[in-house]
Each structure stands twice: as C-alpha cells, then as structure tokens.
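# Secondary and tertiary structure notes
Each chain, written out:
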Amino acid sequence: MNSNVPISHFDWAQIALSFEQIESLSPEETDEIRDALNYLRLKLGEGILTRIEAKWRLRHPLFGFLGAPFNFAPATRLGVVKWSKNLQALESCENVGRVLSDFERRNKCEHAYRLVEVAAAFAHEGMKILFEPPSSGQENGKRADALVEYPPTRERFFLELSRQGLANAQLEAFNAMSDCYAPLWKIDPALRFSGKLLKMPAEIHLEEISRRVEAAGLRALAEKKLVEVIDEDTLEMAICPSDKLPELEHWSKEKGLSPQGFGGPRDNTSPAGRLAGKIKTEQEQLPPGSANVLVLENDSAFSDVLTLISDLEEKVYRHRHVAMVIVRGRYNTNREELSWKLEEGEHRFEHQATVRHVEEILLLSNRFADVKPSGELRSRLLHAFFGGGSDAPSV
C-alpha cells in the first residue's frame, strides 16, 4: 500500500482503494468493507469528505473510523462496517436526515456522530427512534434529542446526549500536542513518532518547536533513520520511517514513554465536578413521566471509578425524572490492556479493551426515579451499552 498520499486527498475513492490494498484482508472482508463504504458514500454524500477535510482537517469525527491519515488498523476496519450498519438501522427513523445534516456543522458534528451511535444501539435492540421530538410540555420549552419506544412493552422514554469536551486547560494542552506532530502528516503519513510535551510552551515557542519537528521529519525521511527533537524541560520526541520502528520502540522504552504515542503535561482537572455540572444542566432537556436516559460522553473521566460513582450517584438521585445516566469514554492505546468490570449496587462499569482501543462505560441507576424501566427494557438497555455480556473479570 502506498501510504505517501497527501492528507488533502481524502475522498471515498482513495479510501476504498487503500483498503483494497491491505494484504491481510480476506476477500470476504474486502467485499464487506467495499459495500459499507458504498453505502456511507450514498447516505452521506459524494463530496462530504472533501468539504469537512477543508474545514476541520483530521479533527472531524468521521475520520476517526475512515482512517486518518490512512490508519487501517483492525478497529478502523471494523468501524467502517459498524457505521454502515448503524446508519442502515436508523434509515427509517423520523427526522434522521436532520441529524446527518449536522455532520457538516462545526458546533454539532461531534454530537451528531455520538447520537447516531447510541440511537443505532437502541435500534439494534428493536426500539423505534423519533429524532428531535416535540418539547412534551416542559415549562422551559426545551426538548430531548430523541423519543424512544420499545414496542414489546409499549414503554417510551426520552434520550438526551451531550458530549463533554476538554476543560480549557486540557484543550490548550491537546492543541499544543497536536501542533507538535501535525507537521509530520504533511510530510509523509507513514512517518512514526513518539514523545511527550512536558509543559505548556508559549505560542512563539510552540511555533519554533513545530518548525524543528518539521525539519526533523524531513531529515528522518531523507536519511532513513531515527531523529530526535529535544527541547530541554519542554519536549522529548523521536521520529523515524516505518521500517525503523524497532529503534523507535527502544528509544521510547528508555525514555519511559509509550511507543508511537504522544503524551502531554499533567492534568489536574476534576472529572466528577465537571460531570456533576453537566448532569444538572442536561437533565433540563428531559420531561417528567417516563424512564428517561441521559448519556454523557467524556473521554477522561475514569481514573478512579469508585470515587466517580460515589461523587455522582447523589447528583443523579436529585433528578427523579431521570432513570439512568450513562457516562461513556474511549481512547486509543499502544499498550496491551485487559478488560474488566465492576458492579456497585445497581450501578455498573466496564473497561472494554480491544486491539489498540479502549471503551469505558459507567451506568448509574436512579433508584429514586419516579418511573423505572421494566426488567425487559432494562435488559435491552444494558445490552445496547455493554454488549452481549463480557467475560472480563470483576473487581
């Protein structure tokens, strides 16, 4: 596979061709991915990738499963097929077109991406979805993201989903980290790197670092060797062509860094405090009278799960029109991680690890809710969020 393709050339044809050139794929897998890409291309539109790449570069969520820049790891291949099935499951849902149109809106694309995932999980469990339902008489005039019905028991509930982005300090650090390695993608997406930003540099210092990284990337490519970029007390980084990956792994191990990873400064934000505020705000979208579900997306909340449960459960109990709060997060990793799960009363948490990818899911049940889901509906909701029952050990 030729990985030396300019990032601006993201389009359906290029992505399909790159998948077809992966030698490890079986003919059946290749056919399945081709069919999935054709369906996504039909539903999302021929020119959507070109338009969103021009506006957001690689930060748009669609590129997460389409391979950016041309990272066709197993999780990415599965993501393409999964997303095709998700959209097919929602094809007949009322107002789904409004959700898909949000993919091209800067302030709504991430929300639309996550909403499709959750709604499709419900649809796969036999539930019917109405997106953007009427406000249902709330005095505040607000409305939920979707009205969900489970036909076998005739239960109906409202769904509200909210993505909690990084705190200001986290966002500043993330953007600085991105600026450190972004020049390499312009040179050759096949370049490999590892490193850590030790502190937040001033803007003018960051610009200097970016230029040094670009020069090091060009040198690594031209001389076909590992090249270091060291800025004392600020940055430790190494770059190499893909055929020098063992050298990069050795360098990373000596530095105590993750191979092919990039770390940032210490994070001192409080995830529980931020999530508590989010619960208080987002529950206003949900009307009384049904077993409503609130889903919060936060990728950095699970460093201490038991403390998180203890801090949040009382916040959930205050809102009797909310039957469940689900907190979900995900991240990519180069470490070999194990799956595990935890049950604390009616609350449940799972750390689901696959190859180079981890998903974390916390379900907080409100035992004081005015309306609770039936046993059958609760079982379906658990399956929607956690899958068919993990054999991961309990802790």
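These remarks concern the structure in this document.

What counts and what doesn't
- Residues numbered from 1 in each chain as written.
- Predicted model: local features only at pLDDT ≥ 70, side-chain atom pairs only at ≥ 80, totals over all residues.
- Heavy atoms only, no water.
- Axes fitted to C-alpha atoms, helices over the stretch in contact; angles between N-to-C directions.
- Helix = DSSP H or I, 4+ residues; strand = E, 2+ residues; numbered from the N terminus.
- Parallel < 35°, antiparallel > 145°, perpendicular 65-115°, else oblique.
- Left-handed = near helix turned anticlockwise from the far one by under 90°.
- Contact = heavy atoms within 4.5 Å.
- Nonpolar A, V, L, I, M, F, W, Y, C, P; charged D, E, K, R; others polar.
- Pairing = 2+ DSSP bridges.
- Expected span 1.5 Å × (residues − 1).
- Buried < 20%, exposed > 50% of the residue type's maximum accessible area, 1.4 Å probe, protein only.

## Side note on the packing of helix 7 (residues 109-124) against helix 13 (residues 375-386)
In the contact formed by helix 7 and helix 13, the axes pass within 9 Å of each other and the chain directions differ by 135 degrees. With respect to helix 13, the axis of helix 7 lies oblique. Remark: the crossing between helix 7 and helix 13 carries right-handed chirality. Every residue of helix 13 that contacts helix 7 at Val118, Ala121 and Phe122 is listed here: Leu381, Ala384 and Phe385. Classifying every residue of the contact of helix 7 with helix 13 by side-chain character gives 6 nonpolar, no polar and no charged.

## Re the sheet that holds strand 9 (residues 322-332)
Ordered in space as 1-2-3-8-9-12-11-10, the 8 strands form an open sheet in which the pairing is mixed. Each having just a single partner strand, strand 1 (128-131) and strand 10 (340-344) make up the two edges of the open sheet. Across the sheet, the mean angle separating the axes of adjacent strands is 15 degrees when strand polarity is ignored. Two strands pair when backbone bridges link them, and strand 2 (residues 146-150) and strand 3 (residues 155-163) are joined in this way by 5 bridges, in the antiparallel orientation. In the strand pairing of strand 3, Leu147 is matched with Phe158. Strands strand 3, strand 8 (292-297) and strand 9 of the sheet are contacted by helix 11 (residues 271-282), whose axis makes an angle of about 140 degrees with strand 8.

## Things to note about the sheet that holds strand 7 (residues 262-263)
If you walk across this open sheet you meet the 4 strands as 5-6-4-7, and the pairing is mixed. A strand with exactly one partner marks an edge of an open sheet, and here the two such strands are strand 5 (227-231) and strand 7. Two strands pair when backbone bridges link them, and strand 4 (residues 192-197) and strand 6 (residues 235-240) are joined in this way by 6 bridges, in the antiparallel orientation. Within strand 6, the position partnered with Gly195 by the bridge is Met237. In the packing of helix 9 (residues 203-223) onto the sheet, the strands contacted are strand 5 and strand 6, and the crossing angle to strand 5 comes to about 165 degrees.

## Quick word on helix 12 (residues 305-317)
Its 13 residues place the ends of helix 12 18 Å apart at the C-alpha level, agreeing with the 18 Å of an ideal helix rising 1.5 Å per residue. Turning to helix 12, its buried residues are Val305, Leu308, Ile309, Leu312, Val316 and Tyr317. Against helix 11, strand 9, strand 10, strand 11 (347-354) and strand 12 (357-365) lie the buried residues of helix 12.

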